[in-house]
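# Summary of structural features
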Amino acid sequence: MQKTCLPRSFYARDTLDVARDLIGKVLVRVGPEGRVAGRVVEVEAYIGQDDPACHAARGRTARNAVMFGPPGFSYVYFIYGMYFCLNVVTEREGFAAAVLIRAAEPTEGESIMRRRSPKLQPARLLSGPGRLCRSMAITREHNGLDLRGDALYFEDHSAEPSRVVQTPRIGIRQGRRRLWRFCDPDSKALSRPVSTISKTGE
DNA sequence: AACACGATCTACT
DNA sequence: GTAGATCGTGTTG
């Protein structure tokens, strides 16, 4: 049963639409130890120069260069001296925007991920951007990858969430007014529970 | 060349 | 709840 990865056109859209539509998609990582995957349940949008929390808010640098590139590529950065975070680049080339993948529910390769994060409960293996990258062995080597390649991509399993809620983004100091964190509130794998905020969808 | 800090997580009180 | 880990990056001198 071979599923196909999301096409370039999926990412070449308004970032908030891409973020919303990524909930329920399946992130697949094929590494030397095998194939691992998870159903995405939490993401955040970071959009261009007008978003003070976006890494590209102050223009192009060596680190954020891939955000200015074409959509459908990975943007992986190193944070707090020990963690990596995975984003997908959106919108047109030249416009810096991306969606941070914050949490997913393990669907494949759980034993491989448990070896990488032995202290975590199974439901927490991909619960948080740092834990997700550690359990999926995503590092700086995966920055700038084409998400239609063999190592890292998203599949559509038609597992649409029944609800999606929007909340403020986590861990930022500026831009908290924007409700650009998207979650499946029925998931037990969220990095943090959904506080009572506004909703979108059904 | 030096410095402050970050889209985090864990352990501990 | 709060502190500590740990280092690349961007900014300042």
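This report concerns the structure included in the present document. Model, not experiment: these values are computed from the prediction. (Residues numbered from 1 in each chain as written. Chains lettered and ligands numbered in written order. Predicted model: local features only at pLDDT ≥ 70, side-chain atom pairs only at ≥ 80, totals over all residues. Heavy atoms only, no water.)

Every residue close to DNA strand C is listed here: Arg 58, Thr 61, Arg 63, Phe 78, Tyr 80, Gly 81, Met 82 and Arg 140. Of everything in DNA strand C that lies within 4 Å of the protein, sugar and phosphate atoms constitute 71%. Here Arg 63 contributes a backbone N or O atom positioned 3.4 Å from a phosphate oxygen of DNA strand C. Tyr 80 places a main-chain nitrogen or oxygen 2.7 Å from a base oxygen of DNA strand C. (Near = heavy atom within 4 Å. Polar contact = N/O pair within 3.5 Å; in protein donor to acceptor, adjacent residues only side chain to side chain.)

With that settled, consider the environment of Pro 52. Of note, Pro 52 is situated in the loop between strand S2 (34-47) and strand S3 (74-79). Residues Pro 52 and Gly 175 lie 123 residues apart in sequence; the distance between their C-alpha atoms is 5.9 Å. The contacts of Pro 52, once residues within four sequence positions are left out, are Ala 57, Gln 174, Gly 175 and Arg 178. (Helix = DSSP H or I, 4+ residues; strand = E, 2+ residues; numbered from the N terminus. Contact = heavy atoms within 4.5 Å.)

The next thing to look at is the packing of aromatic side chains. Per the stated rule, a full pass over the model turns up 3 aromatic pairs. For the pair Phe 10 and Tyr 11, a centre-to-centre distance of 5.3 Å together with 80 degrees between the ring planes defines the contact as edge-to-face. Tyr 11 matches Phe 10 in its accessibility class, with the two residues each being buried. Centre to centre, the rings of Phe 78 and Phe 84 are 5.1 Å apart; their planes meet at 45 degrees, and the pair counts as tilted. Among the residues examined, Phe 84 registers a relative accessible area of 15% and is labelled buried. One Lys or Arg, Arg 13, reaches over the ring of Phe 10 and ends 4.8 Å from the middle of that ring. (Phe/Tyr/Trp six-rings, centres within 6.5 Å; stacked < 30°, edge-to-face > 60°. Buried < 20%, exposed > 50% of the residue type's maximum accessible area, 1.4 Å probe, protein only. Lys NZ or Arg CZ within 6 Å of the ring centre and 35° of its normal.)

Attention now moves to the protein's contact with DNA strand B. The environment of DNA strand B is formed by 21 residues, the closest being His 55, Tyr 77, Asn 87, Gly 130 and Arg 131. Here DNA strand B approaches the protein such that, of its atoms within 4 Å, sugar and phosphate make up 54%. Within the side chain of Tyr 83, a nitrogen or oxygen atom sits 3.1 Å from a sugar or linking oxygen of DNA strand B. Between DNA strand B and Arg 134, the relevant distance is 3.2 Å, taken from a phosphate oxygen to a side-chain nitrogen or oxygen of the residue. Those elements that place two or more of their residues in the surface near DNA strand B are S3, strand S4 (83-89), strand S5 (97-108) and helix H4 (129-136). Ranked by residue count, the leading element in the surface near DNA strand B is H4, at 4 residues. Tallied by class, residues from the surface near DNA strand B come to 11 nonpolar, 6 polar and 4 charged. (Nonpolar A, V, L, I, M, F, W, Y, C, P; charged D, E, K, R; others polar.)

Time to look at helix H2 (residues 15-22). For H2, the set of buried residues is Thr 15, Val 18, Ala 19 and Leu 22. An end-on view of H2 places all buried positions within 100 degrees of arc, on one side of the element. Next to the buried residues of H2 lie helix H1 (8-11), S2, S4, S5, strand S6 (152-155) and strand S8 (181-183). One or two residues past the end of H2 sits Gly 24, with phi positive at roughly 100 degrees. (Arc of directions from axis to C-beta.)

That is the geometry; function is a separate question.
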